[in-house]
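The residues making up each chain are set out below.
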Amino acid sequence: FEKVLKRPTNDGGQARAPVSMWMRNVQMAFFSILIALINMWRESANRGLTDGLNETGEPMVKPFMHGFTGWAWVIVALQAGGGMLVAAVIKYADNVLKGMATGVSV
């Protein structure tokens with residue numbers, strides 16, 4: 001029954017090629033980006049005010065990526081690479097290796 005539900009078919013009932021790993025990652029990232037944009041819009045009114053004042057006497061606003069240094073970019077790249085590696089292992093590894101990796105990760 002599960003195989004019938006999971007078999008990819010088009011409207012004509014013919015089998016179609018499975019979606020690539022990259023497309024699945026884009027699909028999953030879409031929702032997180034959407035939520036982040038909604039939160040960014042919601043929080044834009046009180047965004048990063050500092051204690052200092054500018055020339056006109058208004059509080060200075062921090063730039064969008066204030067405090068995001070080169071080391072933060074390194075961590076982001078490592079996390080993204082790790083996610084892609086996990087996706088590749090899940091796609092191409094057999095069940096024994098998947099079980100062993102799950103046991104080691106716990």
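Everything discussed here concerns the structure shown above.
Heads up: these notes are all about the structure in this document. Note that the structure is a prediction, hence the values are computed from the model and not measured.

Our next topic: the overall build of the chain. Of the regular secondary structure elements, the chain holds 4 helices and 2 strands. Scored against the burial criterion, the 106 residues of the chain give a buried share of 4%. By sequence separation, contacts in the chain at least 24 residues apart represent 24% of the contacts at least 6 residues apart. Carbon and sulfur atoms make up 67% of the accessible area of the chain, which totals about 9,600 Å².

This paragraph deals with the environment of Met 84. Position of Met 84 among the secondary structure elements: in helix H3 (residues 70-92). As for Met 84 and Met 21, which are separated by 63 residues in sequence, their C-alpha atoms are 8.7 Å apart. Among residues more than four places away in sequence, those in contact with Met 84 are Met 21, Trp 22 and Asn 25.

A few words on the packing of aromatic side chains. Counted by the stated rule, this structure contains 2 aromatic pairs. Their ring planes at 75 degrees and their centres at 5.3 Å tell us that Phe 30 and Phe 31 sit as a pair that is edge-to-face. Taking 4.9 Å as the distance between ring centres and 85 degrees as the angle between the ring planes, the aromatic pair formed by Phe 68 and Trp 73 counts as edge-to-face. For Phe 68, a relative accessible area of 36% gives the class partly exposed. A relative accessible area of 48% places Trp 73 in the partly exposed class.

A few words now on a nonpolar patch on the surface. On the surface, a nonpolar cluster with roughly 800 Å² of combined accessible area is contributed by Ile 33, Leu 37, Met 40, Phe 64, Met 65, Phe 68, Trp 73 and Val 76. Ranked by residues supplied to the nonpolar patch, first place goes to helix H2 (residues 21-42) with 3 residues. Inspection of the secondary structure assignment puts Phe 68 in the loop between strand E2 (59-61) and H3.

Moving on, we come to the environment of Lys 98. Along the chain, Lys 98 falls in helix H4 (residues 95-105). Under the relative-accessibility criterion, Lys 98 is labelled partly exposed at 30%. Sequence-distant contacts of Lys 98, defined by excluding residues within four places in its chain, comprise Ile 90 and Ala 93.

The subject of this paragraph is the packing of H2 against H3. Angle between the axes and distance between the axes are the two parameters that describe a pair of packed helices. Two numbers describe how H2 lies on H3: the axes approach to 11 Å, and their chain directions differ by 130 degrees. As judged from the angle between their axes, H2 and H3 are oblique. The element H2 and its partner H3 pack so that their crossing is right-handed. Contact with H2, carried on its side by Met 21, Trp 22 and Asn 25, involves Met 84, Ala 87, Ala 88 and Lys 91 of H3 and no other residues of that element. Residue composition of the contact of H2 with H3, by class: 5 nonpolar, 1 polar and 1 charged.

Definitions and limits used
Residues numbered from 1 in each chain as written. Predicted model: local features only at pLDDT ≥ 70, side-chain atom pairs only at ≥ 80, totals over all residues. Heavy atoms only, no water. Helix = DSSP H or I, 4+ residues; strand = E, 2+ residues; numbered from the N terminus. Buried < 20%, exposed > 50% of the residue type's maximum accessible area, 1.4 Å probe, protein only. Contact = heavy atoms within 4.5 Å. Areas by Shrake-Rupley, 256 points an atom, 1.4 Å probe, with all protein chains shown as cover. Phe/Tyr/Trp six-rings, centres within 6.5 Å; stacked < 30°, edge-to-face > 60°. Patch = residues over 30% accessible without salt bridge, like charges linked within 9 Å, V, L, I, M, F, W, Y side chains within 5 Å. Salt bridge = Lys/Arg side-chain N within 4 Å of Asp/Glu carboxyl O. Axes fitted to C-alpha atoms, helices over the stretch in contact; angles between N-to-C directions. Parallel < 35°, antiparallel > 145°, perpendicular 65-115°, else oblique. Left-handed = near helix turned anticlockwise from the far one by under 90°. Nonpolar A, V, L, I, M, F, W, Y, C, P; charged D, E, K, R; others polar.

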